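This is what each chain is made of:
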Amino acid sequence: MEDIQLLETIERYLSGEMSSEEMIQFELTRKNTSEIDQMVVEHKLFLHQMEAYAQRKNVQQTSQQTFNHLLAEGEWSPIELELPKYKVIQLWTKYKKTIAIAASFGGFIAIFTSLLVMYLSPSLNGSQLLQLSKAVDVIKKNQQAQGHLLNEVKSKVPENAKLISGGSGFLIDTKGFIITNAHVLKGDGAIVIDSKGQELNATIIYSDINNDLALLKIEDKDYIQPKSIPYSIRHKISDLGEEIFTLGFPRNDYDIVYGKGYLSAQTGYEGDSNSYQIQISANPGYSGAPIFNSKGELIGVISTRQKLIEGVAFAVKSTKIFEVINELKNDKKTKNLNLKLSKYTSLNSAGRKAQLEQLKNYMFSIRSFN
Amino acid sequence: MKAELNEQALLKGLAQNDSKAVETLYKSHFAMIQHFVENNNGSFDDARDVFQEAMIALYEKVQLDSFVLTCQIKTYLFSICKHLWLKRLHQMGKYSSPLNAHEESISVETDMGMFEKKEAAFAIMDRALNSLGEPCKSLLEGYYINKKGMQELANQFGYTNADNTKNQKYKCLMRLKKLFFAQYNIGD
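(A) Main features of the overall build of chain A. Along the backbone of chain A there are nine helices and 13 strands. In chain A, buried positions account for 31% of the 370 residues. Within chain A, contacts between residues separated by at least 24 positions form 67% of all contacts whose residues are at least 6 apart in sequence.

Dropping the structure here:
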């Protein structure tokens, strides 16, 4: 008997599909051939495990679907993410004068020392860090290469504008709010391009050089608002060694690129507590790209990489996004933005390919111009 | 008496993976777990994960021939969730006692031991299936999980006939078994 037929026979035997005569016959063969007997025992165990796997998988699926369905119907409401208001503000008003005096002294000393250091030290070797925004010539090159494309569809970049910088970004609110790095937006204006290649006008709402985060808003009639955003932003610190992945536009505006790695330190360059160190091959253009954990929660934003060590990059922690949003809420000019973040992630049980298929609709390539 | 009958009917529904029963269980008990997890250092997503695991544990318990539930479903689900959440807090090194809990709970150690064993076997099968790649993964899932026939699978995957599909399924199955048994130990 050929192996494949033998296995088929065993499966029929185990599932009770055999007639009683056939069964007696087969049991006799089983008794006389220890090899076949072993195969039956092994396959029985395997099928048992497979059945247990199938059952658990099915229950998981029913449970997940029921949960999502009830949640969408508003059966439960997750607790609102309220960040504590910082006491610093009160202290600031109270000690304004003292601080001002102290600061001016401090400032004076600082300027003096830095002048001294500058004067005394040999010329610096340049920064050890490389910002991952796209250099202008790369953008230009891509533009030339795709020249025919750009001619067909009129670009939304104003005619006389000069492209200065670019990178990646992602949606945090269905109304069209996008987070990216501050250093991606070196110019005054910006356009974003979705993963299908649609250009959209955007305005820069906020830019924080220190945290290297910026907020854009799409303002374009061609923008189609998605119903919801499938990922939540993690408001806790992530664990060391956690598997992570990213999606960004390091090559050009049309090809989204996936990268996978792990969280290698809970602090960034020289112990910077605002960022993570991650192990991922990050190329220019990945700046502003989101970092997700395997559940599909957003845990950070890629910003820089170490110049000399391949594969080591740094990402701004997601907790900083909350700080930025809090700041915007407290500012008179921006408090009416009415930012609403997604509070739960619906990607946690999907496979990686399904996750990416969903996520890419919320990713944007960004260009900034003057 | 009536309440008891309802609970029995619910468990029977769950045993058959009936979505109405699952929905009723979510509607009646999830809010309690959400409250518990969110009050003990957890998020809404954590509550969802823990509750889903508890549903699976209950499902697997109901499947057993020796199944008897000696308490209310509510108490049982809460006890499992509490156990699972405590364990996760321990893993994260964030254990802070005592827990904020106002519900009654029972000991579920024995059940959980069994649950973990099954979970481990599930994880091995899951890894093995995922490392097979396509079309093997979907083909075997179609046959063994969704219980589709050979002809149906042939149509779905574009094989010219059922025999070719059978051949392909055999090759895939051999690979899967090899991967699975390389990891699986009967003893523990």
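Moving on from the model shown.
(B) Examining the environment of serine 264 of chain A more closely. All names here are of chain A. Tracing the chain through its elements places serine 264 in strand 8 (residues 257-265). Taking the C-alpha atoms as reference points, serine 264 and leucine 240, separated by 24 residues in sequence, lie 6.1 Å from one another. Apart from the residues lying within four places of it in its own chain, the contact partners of serine 264 are Gln277, Ile278 and Gln279.

(C) Here's a closer look at the interface of chain A and chain B. At the junction of the two partners, chain A supplies 27 residues and chain B supplies 27 residues. Mapped by element, the contributors of at least two residues to the side of chain A that touches chain B are helix 1 (3-14) and helix 3 (34-72) of chain A. Among the elements that take part in the side of chain A that touches chain B, helix 3 of chain A stands out by supplying 17 residues, more than any other.

(D) Quick peek at the confidence of the model for chain B. Residues and elements named next belong to chain B. For chain B, the mean per-residue pLDDT works out to 83, and 91% of the residues sit at or above 70. Within chain B, the element-level pLDDT minimum falls on helix 1 (residues 2-15), averaging 78, and the maximum on helix 3 (residues 44-63), averaging 90. ipTM for the predicted complex: 0.85, alongside a pTM of 0.50.

(E) Highlighting the nonpolar core. Membership of the largest hydrophobic core comes to 56 residues, with the highest contact counts inside it found for Ile178, Val192, Ile302 and Ala315 of chain A. The contact partners of valine 192 of chain A, leaving out residues within four places of it in the chain, are Gly169, Ile178, Leu200, Ala202, Leu216, Ile218, Phe364, Ser365 and Ile366 of chain A.

(F) Examining the sheet that holds strand 4 (residues 189-194) of chain A more closely. Residues and elements named next belong to chain A. Taking strand neighbours around the barrel as the criterion, the six strands line up as 2-3-6-5-4-13 in a closed arrangement whose pairing is antiparallel. Within the sheet, the average angular offset between the axes of one strand and its neighbour, ignoring direction, is 40°. With six bridges joining them, strand 4 and strand 13 (residues 363-369) adopt antiparallel strand pairing. By the bridge assignment for strand 13, valine 192 is matched with isoleucine 366. Across the sheet, helix 8 (residues 318-330) lies against strand 3 (177-180), strand 5 (199-208) and strand 6 (213-218), angled at about 65° from strand 6, the strand it touches most.

(G) Inspection of the pairing of strand 3 of chain A at higher detail. All names here are of chain A. Residues Phe177 and Ile179 point to one face of strand 3 and Ile178 and Thr180 to the other, with burial holding for every one of them. For strand 2 (residues 163-173) and strand 3, the ladder comprises three bridges, and the chain directions are antiparallel. Bridging across to strand 3, leucine 171 finds its partner in isoleucine 178. Adjacent in sequence and paired antiparallel, strand 2 and strand 3 are bridged by three residues, among which glycine 176 carries a positive phi angle near 110°. Bridging between strand 3 and strand 6 involves four bridges; their strand directions are antiparallel. Residue pairing for strand 6: isoleucine 179 is matched across the bridge by leucine 215.

(H) Spatial organisation of the confidence of the model for chain A. Residues and elements named next belong to chain A. Model confidence for chain A is summarised by a mean pLDDT of 80, while 84% of its residues fall at 70 or above. Ranking the elements of chain A by mean pLDDT puts helix 7 (residues 147-152) last with 41 and strand 3 first with 94. Every residue in residues 80-87 is under pLDDT 50, and counting partners more than four places away or in other chains gives four contacts. Predicted confidence for residues 146-152 stays below pLDDT 50, and this span has two contacts to residues more than four positions away or in other chains.

(I) Here's a closer look at the packing of helix 3 of chain B against helix 5 (residues 109-132) of chain B. Residue and element names in this part refer to chain B. Where helix 3 meets helix 5, the closest approach of the two axes is 10 Å, and the angle between their N-to-C directions is 100°. One element, helix 3, and the other, helix 5, form an angle in the roughly perpendicular class. On helix 5, the residues touching Ala57, Glu60 and Lys61 of helix 3 are Asp111, Phe115 and Lys118. In the contact of helix 3 with helix 5, the residues fall into two nonpolar, no polar and four charged.

What counts and how
Residues numbered from 1 in each chain as written. Chains lettered and ligands numbered in written order. Predicted model: local features only at pLDDT ≥ 70, side-chain atom pairs only at ≥ 80, totals over all residues. Helix = DSSP H or I, 4+ residues; strand = E, 2+ residues; numbered from the N terminus. Buried ≥ 20, exposed ≤ 12 C-beta atoms within 10 Å, placed from the backbone. Contact = placed C-beta atoms within 7 Å. pLDDT = per-residue confidence, 0-100. Core = buried A, V, L, I, M, F, W, Y, C linked by C-beta atoms within 7 Å. Pairing = 2+ DSSP bridges. Axes fitted to C-alpha atoms, helices over the stretch in contact; angles between N-to-C directions. Parallel < 35°, antiparallel > 145°, perpendicular 65-115°, else oblique. Nonpolar A, V, L, I, M, F, W, Y, C, P; charged D, E, K, R; others polar.

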